[in-house]
Amino acid sequence: MDQALVDELDADDEADDHTLPDLPNVEDYETVRLRAAPNPNGPWHLGHARMPSVIGTYTDRYDGEFVIRFDDTDPETKRPDISAYDAILEDIEYLGFEPDEVYRASDRIETYYDHARELIEMGEAYTCDLPAEEFSELKREGTPSPNRDKDPETVLEEFEAMVDGDYESGEMVLRVKTDIEHKNPALRDWVAFRMIDTPHPREEAADYRCWPMLDFQSGVDDHLVGITHIIRGIDLQDSAKRQQFLYDYFGWEYPEVLHWGHVQIDAYDIKISTSTIKELIDAGELDGWDDPRAPTLQSVRRRGIHGEAIVDSMIGLGMSTTDVDLAMSSIYANNRDIVDDEANRYFLVRDGQEIPVVGDAKPEAGHPPLHPNHEDRGDREIPVDDAVLVEPDDIPADGERIWLKGYGCVRYENDAFVATGDDISVVRDGDVGVIHWAPADDTVSVTMRTPDGDVTGAAEPAFADTAVDEIVQFERIGFVRVDEHGEEGSVVYYAHP
RNA sequence: GCUCUGAUGGUGUAGUCCGGCCAAUCAUAUUACCCUCUCACGGUAAUGACCGGGGUUCAAAUCCCCGUCGGAGCACCA
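Worth saying up front: this structure is predicted, and the values here are computed from it rather than measured. (Residues numbered from 1 in each chain as written. Chains lettered and ligands numbered in written order. Predicted model: local features only at pLDDT ≥ 70, side-chain atom pairs only at ≥ 80, totals over all residues. Heavy atoms only, no water.)

## Comments concerning the side chain of Asp 221
Okay, so step 1: Note on placement: Asp 221 falls in helix H7 (residues 214-224).
Okay, so step 2: Exposure remark for Asp 221: the relative accessible area of 0% places this residue in the buried category.
Okay, so step 3: Filtering out sequence-adjacent residues up to four positions away, Asp 221 remains in contact with Arg 69, Arg 108, Tyr 112 and Gly 226. (Helix = DSSP H or I, 4+ residues; strand = E, 2+ residues; numbered from the N terminus. Buried < 20%, exposed > 50% of the residue type's maximum accessible area, 1.4 Å probe, protein only. Contact = heavy atoms within 4.5 Å.)

Listed below in structure tokens is the structure:
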């Protein structure tokens, strides 16, 4: 490799490195450790890809470590879906990252209990049996709960009763003492543990009734697991401030923390939320998480979009705290970059109209190339017997010529194509348009599943040679992923133009 | 009501900390043209933005103030 090329590559690397801002104070830590903390309530939608994309990119940059922690501490309202744990890990793998460690909060309940006990002994937490609305009222006016001054022994006793499941849901909580007059009401004496009657779906955790809230669980874990930088959404803006009280009591250093806004994706009719998608699947309006109409990672994966294309787009969003709209066209452009060179070309005729081909100048077959930029890959062979299929919109006016790509020029006369014998110069001169086509016989029937619904068509015979999982381009239509070659025909998933 | 937080073209982003090199970067999008037996790829060009108003300054996207608009939290959700 010559020096100029090396320099150029280095320059490229550098440019890539700086698409995301540097993390703060990385030099203060031996190893940068980042975590994604998903709630496993379903497979991921497109928006979820941002966290692993950014974290994975940072871990690569700093040679750090990537931790996944399932924050599955609400068996009821955010009930985990038992199959989602693996589905999410697969989604991460699809995006091209491999977590160094995987935790489940529901495995670590005893640890949270231990820290709660410690906190109680320090006198910094109290059990509170006030109904939620009543406490909320007091909090608004900055009045402490009457339970706030209980002595630690009583608190500990009552907390152990919580742990033992002696209370019903709603009867008792453990609150962290913060500052009941804090100017930000969101920080006043927040709940650390509450009772939940519904058993956790994971067998290992099914016996617990006393569950930590996110701010407690996540705060304790981030420290214990050695997270150096926390990246999270603006919905958790106040979390760090809440958890800071905990860190102060325990004498811990709070990790660096960054926030970002929400991501919306254009181009989908469906609302991008796990629960909405789940409802649509349950109602039978979507075939599953990988339905091409679903805004999920499983869906775009099946459509042949590389995880890398998604990661690139996510990185392009940067780290701003404002809400952002991600255009699918950005993902498509990235993907086209990746697949165009490799994707061989084929013809698919949708809604084909059969038109006889006549004339002495009629070739026996068409031979379009597999790839216009790679002659070495050779040609396809499309035999023509008596007729071809073309798309209705492509049929020229009576008396006009059209070029059947890879085959030759024909004139449309009396509902038939008459071979003219013209050479390619008629196309180069701009007199004649070029269209794709298929033979009338021997085609492969194809169902193309798209985000806008299914389309059927007939593909040229050579399409049968493609492999399942291969990305090909149907000329003048777009890129598709071959999903299945079945008895009834083939199924492809449409990626993008 | 209280508390955070933000605002650069259609979209995303750089620049904002440390004012001048910013008549504002890059990508995407759209539109033309070139290339081409695809409406792909590649190439060229065009389009298009500093939320508003004051102030400080020789000089403001950048600093200050006031508005406007947006997002978030004040859950026994994550």
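## Here we look at the packing of helix H4 (residues 109-121) against H7
Okay, so step 1: Put simply, H4 and H7 touch, their axes get as near as 10 Å, and they point 100° apart. By the angle between their axes, H4 is roughly perpendicular relative to H7. Where H4 approaches H7, its residues Thr 111, Tyr 112, His 115, Ala 116 and Leu 119 are matched on the opposing element by Phe 216, Gln 217, Val 220, Asp 221 and Leu 224. (Axes fitted to C-alpha atoms, helices over the stretch in contact; angles between N-to-C directions. Parallel < 35°, antiparallel > 145°, perpendicular 65-115°, else oblique.)

## Description of the domain arrangement of chain A
Okay, so step 1: Segmentation of chain A into domains returns domain 1 (15-106 + 260-335), domain 2 (108-212) and domain 3 (343-497).
Okay, so step 2: Placing the centre of domain 1 and that of domain 3 at their C-alpha centroids yields a distance of 38 Å.
Okay, so step 3: Both sides together, the interface formed by domain 1 and domain 3 hides about 1,100 Å², and carbon and sulfur atoms give 54% of it.
Okay, so step 4: Considering only the surface of domain 1 that becomes buried against domain 3, Pro 292, Arg 302 and Arg 303 emerge as the three largest contributors, covering 55% of it.
Okay, so step 5: Between Arg 449 and Asp 287 there is a salt bridge, with its nearest N and O atoms 2.7 Å apart.
Okay, so step 6: Where domain 1 meets domain 3, there are seven residue pairs in polar contact (both at pLDDT 80 or more).
Okay, so step 7: Breaking the side of domain 1 that touches domain 3 down by element, the ones donating at least two residues are helix H10 (297-302) and helix H12 (328-339).
Okay, so step 8: A class-by-class count of the residues in the side of domain 1 that touches domain 3 yields three nonpolar, two polar and seven charged. (Domains from an automatic or database assignment. Buried area = accessible area lost by both parts, 1.4 Å probe. Salt bridge = Lys/Arg side-chain N within 4 Å of Asp/Glu carboxyl O. Polar contact = N/O pair within 3.5 Å; in protein donor to acceptor, adjacent residues only side chain to side chain. Nonpolar A, V, L, I, M, F, W, Y, C, P; charged D, E, K, R; others polar.)

## A few points about the packing of H4 against helix H6 (residues 152-163)
Okay, so step 1: Put simply, H4 and H6 touch, their axes get as near as 9 Å, and they point 160° apart. On the basis of the axis angle, H4 is roughly antiparallel to H6. As for the relative orientation of H4 and H6, their crossing is right-handed in sense. The residues of H6 that touch H4, namely those facing Tyr 113, Ala 116, Arg 117, Ile 120 and Glu 121, are Pro 152, Val 155, Leu 156, Phe 159, Glu 160 and Val 163.
Okay, so step 2: For the contact of H4 with H6, the class distribution of residues is eight nonpolar, no polar and three charged. (Left-handed = near helix turned anticlockwise from the far one by under 90°.)

## Remarks on helix H8 (residues 239-250)
Okay, so step 1: Look at H8: 17 Å from first C-alpha to last across twelve residues, which is about the 16 Å you get at 1.5 Å a residue.
Okay, so step 2: Turning to H8, its buried residues are Ser 239, Ala 240, Arg 242, Gln 243, Phe 245, Leu 246, Tyr 247 and Phe 250.
Okay, so step 3: Against H4, strand E5 (173-176), H7, strand E8 (229-233) and strand E9 (256-260) lie the buried residues of H8.
Okay, so step 4: Directly after H8, the chain includes Gly 251, whose backbone phi takes a positive value near 70°. (Expected span 1.5 Å × (residues − 1).)

## Topic: the state of the cysteines
Okay, so step 1: Counted by the stated rule, this structure contains zero disulfides.
Okay, so step 2: As a non-bridged cysteine, Cys 210 has Cys 128 as the owner of its nearest cysteine sulfur, 14 Å distant.
Okay, so step 3: Cys 210 sits in the buried class, given a relative accessible area of 0%. (Disulfide = S-S within 2.5 Å.)

## What to know about the nonpolar core
Okay, so step 1: Core analysis: the biggest nonpolar cluster contains 48 residues, and Ile 231, Leu 297, Val 300, Ile 305 and Ile 310 have the highest contact counts within it.
Okay, so step 2: Top contributing element to this core by residue count: helix H11 (residues 307-316), with five residues.
Okay, so step 3: Viewed by domain, this core spans two of them, domain 1 (15-106 + 260-335) and domain 3 (343-497), each represented by three or more residues.
Okay, so step 4: Each residue touching Ile 310, except ones within four places of it in the same chain, is listed here: Leu 46, Ala 49, Tyr 94, Leu 95, Leu 297, Val 300, Ile 305 and Ile 331.
Okay, so step 5: Within the second largest apolar cluster, 45 residues are counted, among which are Phe 135, Ile 180, Ala 205 and Leu 246. (Core = buried A, V, L, I, M, F, W, Y, C linked by side-chain atoms within 4.5 Å.)

## Details of the environment of Ile 234
Okay, so step 1: Structurally, Ile 234 is set in the loop between E8 and H8.
Okay, so step 2: Sequence separation between Ile 234 and Gly 261 is 27 residues; the distance between their C-alpha atoms is 5.6 Å.

## Some points on the protein's contact with RNA strand B
Okay, so step 1: Near RNA strand B, the surroundings consist of 55 residues, among which Lys 78, Lys 139, Arg 194, Arg 345 and Arg 476 are the closest.
Okay, so step 2: Taking all atoms of RNA strand B within 4 Å of the protein, the share assigned to sugar and phosphate is 70%.
Okay, so step 3: In this structure, a sugar or linking oxygen belonging to RNA strand B sits 3.3 Å away from a main-chain N or O atom of Pro 185.
Okay, so step 4: Arg 476 is positioned with one of its side-chain polar atoms (N or O) 2.2 Å from a base nitrogen of RNA strand B.
Okay, so step 5: Elements with a contribution of two residues or more to the surface near RNA strand B: helix H5 (132-141), E5, strand E6 (191-195), strand E11 (324-326) and H12.
Okay, so step 6: When residues in the surface near RNA strand B are grouped by element, the largest group, four residues, is from H12.
Okay, so step 7: Of the residues in the surface near RNA strand B, the class split is 19 nonpolar, 16 polar and 20 charged. (Near = heavy atom within 4 Å.)

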